[in-house]
Amino acid sequence: MTLSLAHNSTSSKHSHDERARIRATLAGAPLFIALPLAAIEDLTDRVTLRRVPAHRTILSQDDAGGSMFLIQSGRVKVGVFGENGREVTLAILRAGETFGELSLFDGGDRSANCISMEPTTLLELSRDDLVLHLTGHPRTALNMLGLMSKRLRRADETITQLALCDVNERLTWQLVSIAKEEGSATPEGLLVRRRPTQQELANLVGASREMISRIFKELKSGGYISLEGKRIVLRRNLPARW
């Protein structure tokens, strides 16, 4: 069941400090990058601040869609469940990323479930407010087209990986993508301070947790990675096949 944000999370009027944080979040988000100040101010006036506890369903697949969300802090998992109950994770979204836009344009139901992975703060923008904003600030529409194009390209990559690559290749691709997005260079290699769990990786690449565990052991014994608690270091280029 979808979390009722209006009742189960806290919404607050924008204080001076909150307004400054909201403005900074909007201006730094890829969707709204390089927008004029007037557009950022208009969005700041329109969004609603929401705080969601960890492991709450924000959006449910097949629900009607009436708003979109920008993550101010926290992480959100986007996924679907098969008829057998198996979960496939489509994406793990972080601060600055958006979700829920698709239903606002095609009028269809939500295409996936969105669940908070930790305490998460969101900026919610309703369909009506988005339409009013786009009327006065068409540059935002061009940004949205660009973002959707990037997502389609990434979806194509994912489909190609699932169709043509084995589990080893898919996991390698996923680890490299995560390291590029949030890793930092160290003398030992690329460090990811908060790696996904083995189950999360299994859901991302369409495999079992046991298979991911086995591949991790092989990568570790081969000197490709090192694991330290929730951290992972990619010590050298991962093999596509082994």
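Above this text is the structure in question.
Remember, predicted model here, so these are calculated numbers, not experimental data. (Residues numbered from 1 in each chain as written. Predicted model: local features only at pLDDT ≥ 70, side-chain atom pairs only at ≥ 80, totals over all residues. Heavy atoms only, no water.)

Q: Help me understand the overall build of the protein, please; the structure alone is not making it clear to me.
A: When helices and strands are counted, the protein shows 9 helices and 13 strands. Its C-alpha radius of gyration of 19 Å places the protein within 12% of the 18 Å reference for a compact globule of 242 residues. Taking the principal axes of the C-alpha coordinates as reference, the protein spans close to 55 × 45 × 30 Å. The buried share of the protein, reckoned over its 242 residues, is 44%. Taking all contacts inside the protein whose residues are at least 6 apart in sequence as the whole, residues at least 24 apart take part in 70%. Carbon and sulfur atoms form 55% of the exposed surface of the protein, whose accessible area is close to 12800 Å². A distance of 6 Å separates the average location of the 33 positive side-chain charges in the protein from that of its 28 negative side-chain charges. (Helix = DSSP H or I, 4+ residues; strand = E, 2+ residues; numbered from the N terminus. Rg over C-alpha atoms; globule rule 2.2 N^0.38 Å. Buried < 20%, exposed > 50% of the residue type's maximum accessible area, 1.4 Å probe, protein only. Contact = heavy atoms within 4.5 Å. Areas by Shrake-Rupley, 256 points an atom, 1.4 Å probe, with all protein chains shown as cover. Lys, Arg positive; Asp, Glu negative; His and termini not counted. Charge placed at Lys NZ, Arg CZ, Asp CG, Glu CD.)

Q: Which parts of the structure should I look at to understand the pairing of strand β12 (residues 225-228)?
A: Residues in a regular strand project their side chains so that they alternate between the two faces of the sheet. Relative to strand β13 (residues 231-234), β12 runs antiparallel, the two being bridged by 4 bridges. Within the sheet, the bridge partner assigned to Leu227 lies in β13 and is Ile232. Counting the residues between successive antiparallel strands, the hairpin from β12 to β13 contains 2 residues, one of them, Gly229, with a positive phi of roughly 65 degrees. (Pairing = 2+ DSSP bridges.)

Q: Could you clarify how one ought to interpret the nonpolar core in this entry?
A: Considering soluble globular proteins, one finds that nonpolar side chains tend to be buried as a cluster. Counting residues in hydrophobic clusters, the biggest one holds 22 residues, and the most contacted among them are Leu175, Leu201, Ile212 and Phe216. Elements supplying a minimum of two residues to this core: α7 (167-182), α8 (198-205), α9 (209-221) and β13. Element by element, the count of residues in this core is highest for α7, at 5 residues. Residues in contact with Phe216, not counting those within four places in the same chain, are Leu171, Leu175, Arg195, Gln198, Leu201, Ile225, Leu227 and Ile232. One finds Leu31, Leu49, Leu123 and Leu147 within the second-largest nonpolar core, a separate group that totals 20 residues. (Core = buried A, V, L, I, M, F, W, Y, C linked by side-chain atoms within 4.5 Å.)

Q: Could you clarify how one ought to interpret the sheet that holds strand β6 (residues 87-93) in this entry?
A: Paired through their backbone hydrogen bonds, the strands of a sheet run either parallel or antiparallel. One open sheet accounts for 4 strands, arranged β3-β8-β5-β6; its pairing is antiparallel. The open sheet has two edge strands with one neighbour each: β3 (57-59) and β6. The mean inter-strand angle of the sheet, taken between neighbouring strand axes irrespective of direction, is 35 degrees. Looking at chain direction, β3 and strand β8 (residues 113-116) are connected through 2 bridges and run antiparallel. Its bridge partner lying in β8, Thr57 is registered against Ile115. (Axes fitted to C-alpha atoms, helices over the stretch in contact; angles between N-to-C directions.)

Q: Any chance you could explain the side chain of Ser103 here in plain terms?
A: In this fold, Ser103 is placed in helix α4 (residues 102-106). Ignoring anything within four residues of it in the chain, the contact list for Ser103 reads Gly65, Gly108, Asp109, Arg110 and Arg127.

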